[in-house]
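These are the residues of each chain, in order.
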Amino acid sequence: MQLNEERIQNIRDDFPILKETVYGKPLIYFDNAATTHKPVSVLHKIEFAYNHLNANIHRGTHYLSQKATEAHEGARNDIAQFIGAGKREEIIFTRGTTESINLIAFSYGEALCDEGDEILISAMEHHSNIVPWQMLCERKKMRLRVIPIHKNGEIDLDAYAKLLNDKTKLVAVTHVSNVLGTINPVRQMIDTAHRKNIPVLVDGAQAIPHIAVDVQALDADFYVFSGHKVYGPTGIGILYGKEQWLNQLPPYQGGGEMIEKVSFEKTTYNELPFKFEAGTPDYIGSTALAEALRYIGEIGMDAIVAYEHELTAYAIELMSEISGIQFIGTAHQKSAIISFTVNGIHPYDMGMLLDKLGIAVRTGHHCAQPLMDFLEIPGTVRVSFAFYNTKKEIDIFVAALKKVVAMLS
Ligand code: PLP
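Residues numbered from 1 in each chain as written. Predicted model: local features only at pLDDT ≥ 70, side-chain atom pairs only at ≥ 80, totals over all residues. Heavy atoms only, no water.

Undergrad: Quick question: what am I supposed to make of the site of the ligand here?
TA: Around the ligand, the surrounding shell consists of Thr97, Thr98, His126, Ser128, Thr174, Asn178, Asp203, Ala205, Gln206, Ser226, His228 and Lys229. Contact between the ligand and Thr98: an oxygen atom at 2.5 Å from a side-chain N or O atom of the residue. One of the side-chain N or O atoms of His228 is found 2.7 Å from an oxygen atom in the ligand. Put simply, the ligand lies in the second largest pocket. Its residues assigned to classes, the shell around the ligand comprises 1 nonpolar, 9 polar and 2 charged. (Near = heavy atom within 4 Å. Polar contact = N/O pair within 3.5 Å; in protein donor to acceptor, adjacent residues only side chain to side chain. 1 Å grid on protein atoms, 1.4 Å probe; cavity = no way out; pocket = protein on both sides within 12 Å on 5 of 7 lines; lining within 4 Å. Sits in = over half its atoms within 2 Å of the grid points. Nonpolar A, V, L, I, M, F, W, Y, C, P; charged D, E, K, R; others polar.)

Structural data, given as structure tokens:
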């Protein structure tokens, strides 16, 4: 169902925080790429789980523990289904995108990488998809190589194909850039890598909330995302990995849950997915994340994509009237993220003044310092939309931005 004004109003009523005021002004929240707000159904799920399902899972024979285990493992099934995973064992619960990438950088690095090997990332990666690979490269004396991007923020696919070689052990690339909004052609990039038998990890942190993702259709070897960016709670995230890869990798952390048998002489490890889930899992977070995915599934991904596209195009059209504005990232395939600078004005000053008008935007390097260096800018202002944002909010934002620019010029 298309998202019309009435439907959006109903959706907004599901998000209590949108009724907050900031410095006496109604909150306009355009920082959704950093984190999204939570619908009441997710908040209720958390409260319900603590009130009715709280017991440590897997190990208990008692009723409550079994109920909690069912909820947690049921959430795993729902999440597998949401991203089109073939098997529930391929869904590993982590703390978020960052931990998922660190897990693969460690375990894949331990098992399958040697001195002189290469990891290939792109110039538009978030620090979370740079630093873990740098750490691996330092540990194993490997080389981190970088796919350049074009001026409009699209990946240079010719350069990419040339960078893949016999030493490349893995490609790690973002599905959607958190700065440029570029939707990368990951299906095509995966095909190119697979022709050389190189696996690909896709950072889906900014994709899962905005586009339909089917990991099997993409043929991704690893796909990672965070719950808090997709209307779920903080502290929970997902690592999807093809069973054939995950089975080859050693555990990332040791502790309870991930073992089969422990003695002081030797420990054997549990099977998938538990091998990678040491310690008490966030069984409340998992059920709340599944609820968030159910909530957006009910709205419908097609409707979300169409509406956010409309919002983004509307904002770009109005913002284009501002003299001196420069959009950073003008790829043909773009998500609901707009980064910009205005000649002679520091992004931070714009962000500060917009905040005083009740408008939450993000300013700075957006955890992508190498991208800023590449673009030769110190930072940008970034607005990022969710399906609960409205054209009316964009009107208010653009009027405020015009005022702010006039003041600071
Ligand atoms: N990757 C991308 C593209 C992101 O935008 C972010 C967060 O902004 C991350 C990774 C890190 O996510 P988290 O901090 O939830 O682990």
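Next comes the rest of the description.
Undergrad: Hey, could you run me through the pairing of strand S6 (residues 143-147) in this one?
TA: For a regular strand, side-chain orientation follows a simple rule: the groups alternate between the two sheet faces. Two strands pair when backbone bridges link them, and strand S5 (residues 118-122) and S6 are joined in this way by 5 bridges, in the parallel orientation. Pairing of Ser122 across the sheet is with Ile147, part of S6. Handedness of the crossover is the feature at issue here: the chain leaves S5, passes through helix H5 (residues 131-140), returns alongside S6, and the resulting connection is right-handed. (Pairing = 2+ DSSP bridges. Helix = DSSP H or I, 4+ residues; strand = E, 2+ residues; numbered from the N terminus. Right-handed = clockwise from strand over helix to strand, strands pointing away.)

Undergrad: How do you make sense of the pattern of salt bridges when you look at a structure like this?
TA: Where side chains of opposite charge bring their charged atoms close, a pairing between them can arise. This model, assessed by the stated rule, comprises 22 salt bridges. For Glu291, the salt bridge identified is with Arg294, shortest N-O distance 2.8 Å. Highlighted residues: Glu291 and Arg294, both in helix H10 (residues 283-299), separated by 3 residues, approximately one helical turn. (Salt bridge = Lys/Arg side-chain N within 4 Å of Asp/Glu carboxyl O.)

Undergrad: Can you help me understand the sheet that holds S5 in this one?
TA: Read across the sheet, 7 strands follow the order S4-S10-S9-S8-S7-S5-S6 without closing on themselves; strand pairing throughout is mixed. Each end of this open sheet is capped by a strand with a single partner; those strands are strand S4 (91-94) and S6. Across this sheet, the average inter-strand angle for adjacent strands is 20°, counted without regard to direction. Of the pairings in the sheet, the one linking S5 to strand S7 (residues 168-174) comprises 4 bridges and is parallel in character. Paired with Ile119 across the two strands is Leu170, which belongs to S7. (Axes fitted to C-alpha atoms, helices over the stretch in contact; angles between N-to-C directions.)

Undergrad: Explanation requested: the sheet that holds strand S13 (residues 325-328) in the structure shown.
TA: Sheets are built from strands paired through backbone hydrogen bonds, the pairs being either parallel or antiparallel. Here we have 4 strands laid out as an open sheet, ordered S13-S14-S17-S16, and antiparallel in their pairing. The open sheet has two edge strands, S13 and strand S16 (362-364), and neither has a second partner. The mean angle between the axes of side-by-side strands here comes to 30°, regardless of whether they run parallel or antiparallel. Sheet topology places S16 next to strand S17 (residues 380-384); 3 bridges connect them, and they run antiparallel. In the sheet register, Arg362 faces S17, and the bridge partner there is Arg382.

Undergrad: Could you clarify how one ought to interpret the environment of Phe327 in this entry?
TA: Positionally, Phe327 belongs in strand S13. Overall, Phe327 belongs to the partly exposed group, its relative accessible area being 22%. Distance from Phe327 to Arg382, taken between C-alpha atoms, is 9.9 Å for residues 55 residues apart in sequence. Not counting residues up to four positions away in its chain, the partners in contact with Phe327 are Ile316, Met319, Ser320, Ile338, Ser339 and Phe340. (Buried < 20%, exposed > 50% of the residue type's maximum accessible area, 1.4 Å probe, protein only. Contact = heavy atoms within 4.5 Å.)

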